[in-house]
Amino acid sequence: MDDLRQKYLDAIAGAGDEAALEDIRLQAVGKKGEVSLKMRELGKMTPEERQTAGPALNALKDEINSALAAKKTALADAALDERLKSEWLDVTLPARDRRQGTIHPVSQVWEEVTAIFADMGFAVAEGPQIETDWYNFDALNIPGHHPARAEMDTFYMARAEGDDRPPHVLRTHTSPVQIRHMEANGAPCRIIAPGRVYRADYDQTHTPMFHQVEGLAIDKDLSMAQLKWVLEEFFSAYFGTSVKTRFRASHFPFTEPSAEVDIQCSWENGSVKVGEGDDWLEVLGSGMVHPKVLRAGGIDPDEWQGFAFGMGIDRIAMLKYGIPDLRAFFDSDLRWLRHYGFSALSVPTLHGGL
Ligand code: DAH
């Protein structure tokens, strides 16, 4: 019995893998294994012999079985260790770079403009990009025969044949938001309306879609003086330096009197600097809101008066950030966007200011 015991415990200890271990199990305690055969011999023994041999054989069988189980676990652990050596994952590797997007200059300037006017008490108003021709033209004192309609290179929405309602247009300017805001909120008011506008025009300095910001302030006693102060305040904050403005008499159907506004600048070998020098650069149209426009918005022109202005967002973005080509704004060229774009963290907010 001791020989058997030693023989199998040694064999188990020396087994190299699970298959070898299974062979040993069959040889020892399988149906025809050595220990099992010995147990069968118990029947031929005398009862006295059986009394010592029986428990001893059972104990031997148990001992071999637990040695087998322990070895089996040890083999599995060793196999796992071996696998882990070749299949490990180094979680300490630095993460791969992720491309970070940038904020488009138009979005950046849109927020800058909004933050500056918000500081002066202007709220933001919005209107649809598809307008009726009434809001885009008639209500702004541009009747059907007016040359301004022809000049605007308007995109007209298609109408089904036989449908002779007046056409919808892609708004050619942000001025219709003036009417919508007056209708909905009455007077007094102080708003800007930044947004997309459309004209069928495409060359070096024009794209069929571009951006404007409209301004409208209505109260009892507003004048061109306040208009001028607001605009100079705006340009100085926007360009970060004191900027003079020059008002030139002009004509717009929706303002009377009307002025085109230039800002002070210098030209140095092909590039402009705003806020210095004695050249002038035209940046916006403005004036006192025409009585007919107030009336179209449901406001009594005998009681209220106000000023309005409209300027190109893309244009003032080019001026501030030295971007030479307007068309590149809308090319979606990633190299351009990475070069001229802004970090998301440097965008001004309404509450954070510039
Ligand atoms: N709507 C004009 C345009 O697109 C710009 C403009 C001029 C807006 C004078 C105004 C204004 O509010 O008073 O070209």
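Everything here concerns the structure above.
Residues numbered from 1 in each chain as written. Predicted model: local features only at pLDDT ≥ 70, side-chain atom pairs only at ≥ 80, totals over all residues. Heavy atoms only, no water.

A.B. asks: Just checking my understanding: could you explain the site of the ligand for this structure?
C.D. replies: Contacts to the ligand come from 15 residues, most closely from His173, Ser175, Arg199, Gln212 and Glu214. Ser175 places a side-chain nitrogen or oxygen 2.9 Å from a nitrogen atom of the ligand. Taking Glu214, its side chain carries an N or O atom lying 2.6 Å from an oxygen atom of the ligand. Considered on its own, the ligand offers 350 Å² of accessible surface; in the complex 91% of this is hidden by protein. Judged by its atoms lying within 2 Å of the grid points, the ligand is housed in the largest pocket. Counting residues per element, the ones that place at least two in the shell around the ligand are β5 (209–219), β9 (279–289) and β10 (305–312). For the shell around the ligand, a count of residues per class yields 4 nonpolar, 9 polar and 2 charged. (Near = heavy atom within 4 Å. Polar contact = N/O pair within 3.5 Å; in protein donor to acceptor, adjacent residues only side chain to side chain. Areas by Shrake-Rupley, 256 points an atom, 1.4 Å probe, with all protein chains shown as cover. 1 Å grid on protein atoms, 1.4 Å probe; cavity = no way out; pocket = protein on both sides within 12 Å on 5 of 7 lines; lining within 4 Å. Sits in = over half its atoms within 2 Å of the grid points. Helix = DSSP H or I, 4+ residues; strand = E, 2+ residues; numbered from the N terminus. Nonpolar A, V, L, I, M, F, W, Y, C, P; charged D, E, K, R; others polar.)

A.B. asks: When you look at the pattern of salt bridges in this model, what are you seeing that I'm missing?
C.D. replies: Side chains that differ in charge, positive against negative, can pair when their charged atoms come close. Evaluated as defined, the whole model comprises 18 salt bridges. We note a salt bridge from Asp333 to Arg335, for which the minimum N-O separation is 2.7 Å. On the basis of relative accessibility, which here comes to 26%, the residue Asp333 falls in the partly exposed class. Each of the salt bridges in this network shares a partner with another, and the network as a whole consists of Arg246, Arg248, Glu260, Asp262 and Glu282. (Salt bridge = Lys/Arg side-chain N within 4 Å of Asp/Glu carboxyl O. Buried < 20%, exposed > 50% of the residue type's maximum accessible area, 1.4 Å probe, protein only.)

A.B. asks: Explanation requested: the packing of helix α3 (residues 34–41) against helix α4 (residues 47–87) in the structure shown.
C.D. replies: How two helices sit against one another is set out by the angle between their axes and by the gap between those axes. One way to put it is that α3 packs onto α4 with a least axis distance of 10 Å and a crossing angle of 165°. One finds that α3 runs roughly antiparallel with respect to α4. Taken as a pair, α3 and α4 cross one another with a handedness that is left-handed. Along the contact surface, α3 presents Val35, Lys38 and Met39, while α4 presents Leu57, Asn58, Leu60, Lys61 and Ile64. Of the residues assigned to the contact of α3 with α4, the class counts are 5 nonpolar, 1 polar and 2 charged. (Axes fitted to C-alpha atoms, helices over the stretch in contact; angles between N-to-C directions. Parallel < 35°, antiparallel > 145°, perpendicular 65-115°, else oblique. Left-handed = near helix turned anticlockwise from the far one by under 90°. Contact = heavy atoms within 4.5 Å.)

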